[in-house]
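# Reading the structure
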Amino acid sequence: MAKLSGIRPERSQREGAQNDPRLDWWREAKFGLFIHWGLYAIPAGVWQGKEVPGIGEWIMLHARIPVREYEQLAAQFSPTRYDAREWVALAKAAGQKYIVITSKHHEGFCLFDSRVTDYDVMGASPFGRDILAELADECARQGIRLGFYYSQTQDWHHPDGDGNDWDYDESQKDFAGYIEDYVKPQVTELLTNYGPVALIWFDTPKGMTEEQSRSLLELVHTLQPDCLVCGRVGNALGDYASAGDNMIPDVQMQVDFETPATINDTWGFKWYDENWKSVPDLVHKLVDIVSKGGNYLLNVGPTAEGAIPQASVDRLLAMGRWLDVNGEAIYGTRPGPVQGQEGYRSTRKGNVVYLHVLEWPHDGRIAVRGVSERVRAAAVLGAPQAGALACHQEGDALTILGPGAAPDPVATVIALSLAE
Ligand code: H79
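What counts, and at which threshold
Residues numbered from 1 in each chain as written. Predicted model: local features only at pLDDT ≥ 70, side-chain atom pairs only at ≥ 80, totals over all residues. Heavy atoms only, no water. Helix = DSSP H or I, 4+ residues; strand = E, 2+ residues; numbered from the N terminus. Rg over C-alpha atoms; globule rule 2.2 N^0.38 Å. Contact = heavy atoms within 4.5 Å. Areas by Shrake-Rupley, 256 points an atom, 1.4 Å probe, with all protein chains shown as cover. Lys, Arg positive; Asp, Glu negative; His and termini not counted. Charge placed at Lys NZ, Arg CZ, Asp CG, Glu CD. Buried < 20%, exposed > 50% of the residue type's maximum accessible area, 1.4 Å probe, protein only. Pairing = 2+ DSSP bridges. Near = heavy atom within 4 Å. Polar contact = N/O pair within 3.5 Å; in protein donor to acceptor, adjacent residues only side chain to side chain. Nonpolar A, V, L, I, M, F, W, Y, C, P; charged D, E, K, R; others polar. Salt bridge = Lys/Arg side-chain N within 4 Å of Asp/Glu carboxyl O. Phe/Tyr/Trp six-rings, centres within 6.5 Å; stacked < 30°, edge-to-face > 60°. Axes fitted to C-alpha atoms, helices over the stretch in contact; angles between N-to-C directions. Parallel < 35°, antiparallel > 145°, perpendicular 65-115°, else oblique. Left-handed = near helix turned anticlockwise from the far one by under 90°. Expected span 1.5 Å × (residues − 1).

Below, the discussion takes up the overall build of the protein chain. Per the secondary structure count, the protein chain includes 9 helices and 18 strands. Its C-alpha atoms give the protein chain a radius of gyration of 23 Å, within 12% of the compact-globule value 22 Å for 420 residues. In terms of overall dimensions, the protein chain has a C-alpha envelope of 70 × 45 × 40 Å along the principal axes. For the protein chain, contacts bridging at least 24 residues in sequence account for 71% of all contacts bridging at least 6. Carbon and sulfur atoms make up 49% of the accessible area of the protein chain, which amounts to about 16700 Å² in all. Side chains of the protein chain carry 38 positive and 57 negative charges; the gap between the two charge centres is 6 Å.

We now examine the pairing of strand S13 (residues 352-357). The element S13 is extensively covered by neighbouring structure, given that 5 of its 6 residues are classed as buried. Where strand S12 (residues 344-349) lies against S13, 6 bridges are found, and the strand directions are antiparallel. Bridged to Arg348 within S13 is Val353.

This brings us to the site of the ligand. His36, Glu57, Trp58, His62, His105, His106, Tyr149, Asp203, Thr204, Arg232, Asp245 and Trp267 make up every residue found near the ligand. In this structure, an oxygen atom belonging to the ligand sits 2.5 Å away from a side-chain N or O atom of Glu57. Interatomic distance of 3.1 Å between a side-chain N/O atom of His106 and a nitrogen atom of the ligand. Across the shell around the ligand, the residue classes tally to 3 nonpolar, 5 polar and 4 charged.

Inspection of every chain in the model, using the stated rule, returns 20 salt bridges. Linking Arg27 and Asp24 is a salt bridge whose minimum nitrogen-to-oxygen distance equals 3.1 Å. Of this pair, Arg27 and Asp24 both sit in helix H1 (residues 24-29), 3 residues apart, which is roughly one turn of the helix. Note that Lys104 and Asp155 form a salt bridge whose closest N and O atoms lie 2.7 Å from each other. On the criterion of sequence distance, the pair formed by Lys104 in strand S4 (residues 98-104) and Asp155 in the loop between strand S5 (145-150) and helix H6 (175-190) is long-range, its members being 51 residues apart. Through salt bridges with shared partners, one network takes in Arg14, Asp20, Arg22 and Asp239.

The next thing to look at is the packing of aromatic side chains. According to the stated counting rule, one finds 20 aromatic pairs in the structure shown. Where Trp271 meets Tyr272, the ring centres are 5.4 Å apart and the plane angle is 80°; that geometry is what we call edge-to-face. Taken together, Trp37, Phe77, Tyr82, Trp87, Phe109, Tyr119 and Phe127 form an aromatic cluster joined through their ring pairs.

What follows is about the side chain of Thr266. Along the chain, the position of Thr266 falls in the loop between strand S9 (257-261) and helix H8 (279-291). Polar side-chain contacts of Thr266 include one of 2.7 Å to the backbone nitrogen of Gly56.

As a further point, take the sheet that holds strand S14 (residues 365-369). Pairing is antiparallel across the open sheet formed by 3 strands, whose spatial order is S14-S17-S16. A single partner strand is all that each edge strand has here, and the edge strands are S14 and strand S16 (390-394). The sheet shows a mean angle of 15° between the axes of neighbouring strands, direction not considered. Of the pairings in the sheet, the one linking S14 to strand S17 (residues 397-401) comprises 5 bridges and is antiparallel in character. Each residue of the ladder has a partner; that of Ile366, found in S17, is Ile400.

At a closest axis distance of 11 Å, the pairing of H6 and helix H7 (residues 210-223) adopts a crossing angle of 15°. Considered as vectors, H6 and H7 are oriented roughly parallel to each other. Of the two possible hands of crossing, H6 and H7 adopt the one that is right-handed. Seen from H6, the contacting residues are Phe175, Ala176, Ile179, Val183, Lys184, Val187 and Thr188; seen from H7, they are Gln212, Ser215, Leu216, Leu219, Val220 and Leu223. Classifying every residue of the contact of H6 with H7 gives 9 nonpolar, 3 polar and 1 charged.

The next subject is H8. Helix length check: H8, at 13 residues, gives a terminal C-alpha distance of 18 Å against a target of 18 Å (1.5 Å per residue), a fit within 8%. By the burial criterion, the buried members of H8 are Leu282, Val283, Leu286, Val287, Asp288, Ile289, Val290 and Ser291. Its side-chain oxygen placed 3.1 Å from the backbone nitrogen of Asp281, Ser278 serves as the N-cap of H8.

Have a look at this one:
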């Protein structure tokens, strides 16, 4: 069995974290909401009248926008429709158990009140509201965990941050000084001023020395011992592994991992990106990831006004409706015994194996391998009126005779109760 398929070694899970009970809530959660929000939502994929190809939050780099020009966007940042209560309620209705928001992306603009820079929502924008503080309060009120994305290497605004070679001479940069005098004070602010933080989501660890990764990990754990650190802190030191963006491992993983993913093709808002994934596709991706032992962190990119695109809202709510019926086959489960069979996935909790049928066979005859324990009963989740389904077992080969049409057109879950 491949151990790290889809996961770069330096983004993997630290030895010993696999049995760490600090991750218990995260292992149970399976599904989170990622929020990418920053100044890039204002140009929304267009610069000087031209559509800029690529992911929206990278517009500053793709168009090589000088810092002095780009930073003027901050004066326009006034998202009057921002309503933390709505965003948190959406995540809850979608069945998501944690939220991760960009506190500072590669562009360098901070959505929180930072003492170490004026390039933040309080100092540089007319908005004058601490976005993270409002979200943290609301998460506490509605009972959902909140984590912060923080770009620790790339900072295209800071003269010593990584990535901006069009304003700054990269050979003159004091990256180590930037980590010590800017990143660490800001991470300290994030872990001091916003109550309990579920996790810090570092990104693009390229260039981090092992010592730098370790010292960030230790800083986080010293300030908030229960706060998790994602694998993108670098040097294989994270509390959990991070798969590539939109990457789902081919096979079941032996490490705790998370797939961060987009609903369309961008993280930060681009007004003309309409390449939305379908609801069945999104649910299948959730099932696929969970069946391999991972979590799905699914992104929305709010507009400059502070609205989450309706296409994202519709899809998240539809996923929530599927989870209302099928959540017991997702939350708190482990990978099940049916692995690597096209059209099928499986999860397990105690004595129940959940068989997820992603492509319903035309004749309703479901045939899988891998269930070697005796199946006492098989029933479709959410359709108990359909009664028990007939099954035959021979060795680890299981055949279930189901109806001719999929009971759930999105994905049908059959609960298999195993003999004690
Ligand atoms: O925050 C989101 C992305 O902005 C961030 N990670 C997710 C969670 C991210 N940072 N880097 N990358 C993703 C990959 C960058 C790949 C690159 Fe490129 C290839 C950089 C330059 C060439 C993609 C293509 C971005 C610009 C061109």
